[in-house]
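What follows is each chain in one-letter form.
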Amino acid sequence: MRRLTAGRLITYVVLILAALAVIFPVYYVIAGSIMSPGQISSYPPDLFPHGIFTGNYKGASSSGTPIGQQYLNSILQTSIITVSQLITSVLAAYAFAFMKMWGRSVLFGLFLATLMVPWESIVLPNYLTITGWELGGQRLTATYAGTMIALVLPFLANAFGVFLLRQSFLQFPTELRDAATIDGCGHWRFLRRILLPLNKPALTAVGLYVFLSAWNQFFWPLLIGDSASRRTLQIGISQLNDVEAADPGLILAGVTLSIVPTLAIVIFGQRFIVRGLTAGAIR
């Protein structure tokens with residue numbers, strides 16, 4: 001058993017204080033969402049709810065902002081982006097790691113260079129391109145399906161996932177890859193039966209990272225959505241903050257609904273994120 005020295009005790013105290021500083025805002029958002037309006041506005045502020053008040057959630061769902069529809073929009077948008085980026089990242093990373101082709105290193109470098117392009121510099125060209133397309137004689141954003149396509153289309157592929165998975169794939173022994181090739185194992189079979197099962201931590205890390213990024217998007221859904229019912233939950237939360245009749249309880253209820261998926265991912269997927277991000281660190 002390790003001896004508890006003064007230095008170790010100070011380290012523990014600092015870490016506990018830092019953890020409390022991070023956890024407290026999340027706790028107060030959840031606790032405030034079930035407080036009554038009088039308790040939220042009390043001074044000094046109450047840190048613990050006196051019972052469970054569900055009026056904030058009912059008020060958020062019955063307000064002029066379609067929170068329920070926007071929640072479904074966020075789930076659908078995030079799911080499509082996550083699945084798409086996993087597929088494209090796996091295929092591209094496999095090509096860069098195992099398939100020999102001329103200029104592969106240069107092409108991979110150019111691929112990574114896209115990570116340095118600020119999103120703000122390409123948002124306007126993306127918007128003009130997508131809204132200029134037409135489906136059935138109507139603009140792409142004229143229907144709900146078209147709006148969902150516009151929401152996810154610029155994010156179907158990303159270089160970060162390709163980089164992370166390529167680094168993980170490079171850890172696979174080349175001797176085993178050669179043995180599988182000699183045994184008649186083609187690219188698709190090798191990828192599906194051997195490579196992917198051995199790289200689950202990296203796949204999970206990429207999936208969780210993409211999910212969090214897509215779930216927290218704000219500017220693009222605000223720009224491309226032509227009505228409140230076609231936007232996402234993050235936009236709905238901002239709409240709850242009406243300058244004329246701001247209700248902190250409604251805002252806290254909306255924020256609580258928003259952080260539930262991300263909080264679940266942090267709690268249950270943290271070890272996968274750490275393992276995935278460190279999978280290609282040592283070769």
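The structure presented is a predicted model; accordingly, all values stated were derived computationally and were not measured. (Residues numbered from 1 in each chain as written. Predicted model: local features only at pLDDT ≥ 70, side-chain atom pairs only at ≥ 80, totals over all residues. Heavy atoms only, no water.)

### Some remarks on helix α1 (residues 6–33)
Defined as follows: Helix and strand assignments come from DSSP, with helices taken as H or I runs of at least 4 residues and strands as E runs of at least 2, each series counted from the N terminus. Expected span of a helix: the number of residues minus one, times 1.5 Å. Working definition for bend: take the seven residues up to and ending at a residue and the seven starting at it, fit an axis to each, and measure the angle between the axes. When accessible area is computed with a 1.4 Å probe and restricted to protein chains, residues below 20% of their type maximum are described as buried, those above 50% as exposed, and intermediate ones as partly exposed.
In a regular helix each residue adds 1.5 Å, so 28 residues correspond to 40 Å; α1 covers 40 Å between its end C-alpha atoms and thus fits that length. The largest bend in α1 amounts to roughly 35° and is located at Ile 23, with the proline Pro 25 lying one to four residues further along. Buried within α1 we find Val 29, Ala 31, Gly 32 and Ser 33.

### Quick look at the nonpolar core
Filter applied, for reference: Take the buried residues of types Ala, Val, Leu, Ile, Met, Phe, Trp, Tyr and Cys, join any two whose side-chain atoms come within 4.5 Å, and each joined set is a nonpolar core. Working rule for contacts: check all heavy atoms of both residues, and any pair within 4.5 Å makes them a contact.
Counting residues in hydrophobic clusters, the biggest one holds 36 residues, and the most contacted among them are Tyr 94, Phe 98, Leu 165, Phe 169, Phe 190, Leu 195 and Trp 220. Elements with a contribution of two residues or more to this core: α4 (67–98), α6 (119–132), α7 (144–152), α8 (159–169), α10 (187–198), α11 (200–215) and α12 (219–224). Sorting elements by how many residues they give to this core places α4 first, with eight residues. The residues touching Phe 190, leaving out its near neighbours within four places in the chain, are Tyr 94, Phe 98, Phe 172, Arg 177, Ala 180, Cys 185 and Leu 195. Listed in part, the eleven residues of the second largest apolar core include Ala 60, Leu 208, Leu 250 and Ile 265.

### Things to note about the environment of Arg 231
Relative to the assigned elements, Arg 231 resides in the loop between α12 and α13 (233–240). The exposure class assigned to Arg 231 is buried, which follows from its relative accessible area of 18%. Residues Arg 231 and Asn 73, spaced 158 residues apart in sequence, show a C-alpha to C-alpha distance of 6.8 Å. When sequence neighbours within four positions are dropped, the list of residues in contact with Arg 231 reads Gln 70, Asn 73, Pro 221, Leu 222, Gly 225 and Gln 239.

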